[in-house]
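Chains, contacts and geometry: an overview
Here is what each chain is made of, one letter per residue.
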Amino acid sequence: MEEFIKKFASQFDETEIDIFKPETKFREIPEWSSLTGLCVMSMIYDDYKIRIKAEDMKKAQTIEELYNFIK
Amino acid sequence: MENPFSLSGKTIFITGASSGIGKATAIECAKMGAQLIISARNKNRLLDTLSELVGEGHRILVADFNNERIIEDVVHELPLIDGMVHAAGITETRPFHFVNKKVLEDIFHINFNIPVLLSQRMVKEKKINNKASIVFISSIDGNQVVTIGNSMYAASKCAVTGMAKNMAVDLAPRKIRVNCICPGMVETPFIHSDSFTQEQLDEDMKKYPLKRYGKPEEIAWAVVYLLSDASAWTTGTQLVIDGGFTLL
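For every chain, the first residue of the written sequence is number 1, and numbering continues from 1 onward in sequence order. Going through the entries in the order they are written, you letter the chains from A and number the ligands from 1. pLDDT decides what is reported in this predicted model: residues at 70 or higher carry local features, side-chain atom pairs at 80 or more are listed and counted, and totals for whole chains, interfaces and linings draw on all residues regardless. The basis for the side-chain values is all heavy atoms of the structure; hydrogens and waters are excluded.

Along its length, chain B carries seven helices and seven strands. The classification of residues rests on relative accessible area computed with a 1.4 Å probe and restricted to protein chains. Under 20% of the type maximum is buried, over 50% is exposed, and intermediate values are partly exposed. Across the 248 residues of chain B, 49% fall into the buried class. Whether two residues are in contact is decided by their heavy atoms: any pair within 4.5 Å suffices. Of the contacts formed within chain B by residues at least 6 apart in sequence, a portion of 71% connects residues at least 24 apart. Under the convention used here, a 1.4 Å probe and the Shrake-Rupley method define accessible areas, while residue burial counts only the protein chains that appear. Roughly 11,900 Å² of accessible area belongs to chain B as shown, and the carbon and sulfur atoms make up 56% of that amount. Taking the average place of the 26 positive charges on the side chains of chain B and the average place of its 27 negative ones, the gap between the two points comes to 5 Å. Strands here are runs of E lasting at least two residues and helices are runs of H or I lasting at least four, both read from the DSSP assignment and numbered beginning at the N terminus. Under the counting rule used here, the positive set is Lys and Arg, the negative set is Asp and Glu, and His together with the chain ends is not counted. For charged residues, the charge sits on one atom: NZ in Lys, CZ in Arg, CG in Asp, CD in Glu.

Below, the structure written as structure tokens:
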């Protein structure tokens, strides 16, 4: 989980690192955008070999819920 | 009076004919009287397309373009043709930071190398008639606009357009014409790539002045024009068909 959060956080450039917690609602982070979403999907595919569909991604609100896709 | 848009008496080869624009192109070309050789990877889906073609004498050519020897095999199998339509294409949505060699090569292989090298072999082997027409399904992506995360596809489609223009010049002495169609978003399985939600696509659609995505046959009818004698003086063009999207 910790490693996933680090990888998730590395898709951002301006957001402070301590913002990223399992319960963080990532869509509420001001820097979040549809491009960040595509980066997260690509990161998950490259590093965890799991292809998350945009429709599934939409259902996740927190970082932990995203992590549940790859556990 | 003879219909200048008729494809009667013409033998046409179409790749990517098992779905989307390639399939619609096969169906519409058959209606206009062409004899078709349709190609794709999946035999069953290709047979589905074949069953929808009016007229007699059409045939399928199952071809996996990831296979090393495929170009030689396809060229060997094909009869003398009057036109070819390169509709096979792939994409993968990845922001630029996630571009990698493998995906880049895969996309360029199917979208650029194969249609170009297949055309080259057909020309060299003289299996394409003088006055024939070669049509590439390019895209507004890369050529007119870009969309996020689609850089490899955009680049491959720009490469196609550049190549097609030069082919038009080099093949002009044989009166072989080479043209591209640059569609906007067309309702096909291709656009439902899992990278975007239906909600995002619906929102995107609103950006089109005509307020919808294209229908595959609306691209196919332009292909019919470019294959027919009606376009005998048309070569090296990029015909944008996008519901007005690139005007804004």
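That was the structure; now back to the text.
This next bit is on empty space enclosed by the protein. Residues and elements named next belong to chain B. Put simply, the grid is 1 Å and covers the protein atoms alone, a cavity is a trapped set of points that fit a 1.4 Å probe, a pocket is an open set with protein on both sides within 12 Å along at least five of seven lines, and lining residues have an atom within 4 Å of a point. Grid points are joined across faces, edges and corners, and a volume is the space filled by probe spheres set on the points. Scanning the model with the defined rule gives two cavities of 30 Å³ or more in all. What the largest cavity holds in volume is close to 40 Å³. His-86, Ala-88, Asn-111, Pro-115, Phe-136, Ile-137, Lys-157 and Val-160 are the residues that line the largest cavity. The nonpolar class holds Ala, Val, Leu, Ile, Met, Phe, Trp, Tyr, Cys and Pro. Asp, Glu, Lys and Arg form the charged class, and all remaining residues, Gly among them, are polar. Grouping the constituent residues of the lining of the largest cavity by class yields five nonpolar, two polar and one charged. Approximately 30 Å³ is the volume attributed to the second largest cavity. The wall of the second largest cavity is formed by Thr-15, Phe-65, His-86, Ala-88, Ile-110, Ile-114 and Pro-115. Looking at the lining of the second largest cavity, the element that brings in the most residues is helix α4 (residues 101–124), giving three residues. Grouping the constituent residues of the lining of the second largest cavity by class yields five nonpolar, two polar and no charged.

It is worth spelling out helix α6 (residues 198–205) of chain B at this point. Among the residues making up α6 of chain B, those that are buried are Leu-201, Asp-204 and Met-205 of chain B. Seen end-on, α6 of chain B carries its buried residues on one side only, within an arc spanning 100°. This arc is built from the directions going out from the helix axis to the C-beta atoms.

In this fold, Ile-90 of chain B is placed in the loop between β4 (81–86) and α4. Once you skip the residues sitting within four places of it in the chain, Ile-90 of chain B turns out to touch Asp-106, Ile-107, Ile-110, Asn-111, Tyr-153 and Phe-190 of chain B.

With that out of the way, let us pick up the interface of chain B and chain A. At the interface, 15 residues of chain B touch 16 residues of chain A. Joining two parts hides part of their accessible area as seen by a 1.4 Å probe, and the buried area is that hidden amount summed over both. With both sides pooled, the region where chain B packs onto chain A buries about 1,300 Å², and carbon together with sulfur makes up 63% of that total. The term salt bridge refers to a side-chain nitrogen of Lys or Arg lying within 4 Å of a carboxyl oxygen of Asp or Glu. At the surface where chain B touches chain A, the tally comes to three salt bridges. Here Asp-46 of chain A makes a salt bridge to Arg-94 of chain B, at a shortest N to O gap of 2.7 Å. Distance and chemistry together define a polar contact, namely a pair of N or O atoms within 3.5 Å, with one atom able to donate a hydrogen and the other to accept it when in protein, and with adjacent residues in sequence counting only for side-chain atoms on both sides. Across the contact surface, chain B and chain A share four residue pairs in polar contact (both at pLDDT 80 or more). Each residue belonging to the side of chain B that touches chain A can be placed in one class, and the counts come to four nonpolar, seven polar and four charged.

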